[in-house]
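Summary of structural features
Listed here are the chains, written in short residue letters.
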Amino acid sequence: MTALTPVGGVGATRVRVHVPFDLRHSADLRQGFVTAIREGSELLVDISDSTVVDQVGFATLVGAHARAARAGRRLRFTGADERTTRLLRRAGLVRLLDDSPAPSRLRPSLAG
């Protein structure tokens, strides 16, 4: 099973997480992040279809950032739910969140 799927993008490797960040999926997530980090200089991770469930999941999320930094890569998360955002804020890691909407959540222009 692959925990991350590529979603395309220009200028960055973009992937979507489609499993929860938890003990059960942590090994798949770690391996997916290792592969994605090797592929590009910047990694944008859409977590809008996921959430952090437990401590192991949070460690996996933060560990992905640390692994990317050690490799000289930039890793940002987009589409975080309120709980994940609160956890990152409490840990002083809100800087890991990307300000732009997740690729699948982009809204069409309301110009009229």
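Residues numbered from 1 in each chain as written. Predicted model: local features only at pLDDT ≥ 70, side-chain atom pairs only at ≥ 80, totals over all residues. Heavy atoms only, no water.

Quick word on the sheet that holds strand 4 (residues 74–78)
Rule in force here: Paired strands, as defined in this entry, are two strands with at least two bridges between them according to DSSP. Each helix corresponds to a stretch of at least 4 residues labelled H or I by DSSP, and each strand to a stretch of at least 2 residues labelled E; elements are numbered beginning at the N terminus. Convention adopted: a line fitted to C-alpha atoms gives each axis, helices being fitted over their contacting stretch, and angles between N-to-C directions are expressed from 0 to 180 degrees. Should any heavy atoms of two residues lie within 4.5 Å, those residues are counted as being in contact.
Taken together, four strands build an open sheet; the order of strands is 1-2-3-4 and the sheet is mixed. Looking at the sheet topology across the chains shown, the edges are occupied by strand 1 (4–6) and strand 4. Going from strand to strand, the sheet's axes swing by 30° on average, the running direction of each strand aside. The sheet contacts of helix 1 (residues 26–39) involve strand 1, strand 2 (13–17), strand 3 (42–46) and strand 4, and relative to strand 2 the element is tilted by about 170°.

So, the environment of Arg 74
Considering the arrangement of structural elements, one finds Arg 74 in strand 4. Here the alpha-carbon distance between Arg 74 and Ile 37, two residues 37 residues apart in the chain, equals 8.8 Å.

Quick look at the pattern of salt bridges
What counts is decided by this rule: The working definition used for a salt bridge is a side-chain nitrogen of Lys or Arg within 4 Å of a carboxyl oxygen of Asp or Glu. Burial classes: relative accessible area under 20% of the type maximum marks a residue as buried, over 50% as exposed, and values in between as partly exposed (1.4 Å probe, protein chains only).
Taken as a whole and judged by the stated rule, the model has two salt bridges. Residue Asp 46 pairs with Arg 16 through a salt bridge whose shortest N-O separation is 2.9 Å. Of this pair, Asp 46 sits in strand 3 while Arg 16 sits in strand 2, and the two are 30 residues apart along the sequence. For the pair Asp 46 and Arg 16, one class covers both residues: buried. Here Glu 42 ties to Arg 74 by a salt bridge, and the two come within 3.7 Å at their closest N and O atoms. Highlighted residues: Glu 42 in strand 3 and Arg 74 in strand 4, separated in sequence by 32 residues. You can call Arg 74 partly exposed: its relative accessible area is 41%.

Any link to function would need more than the numbers given here.
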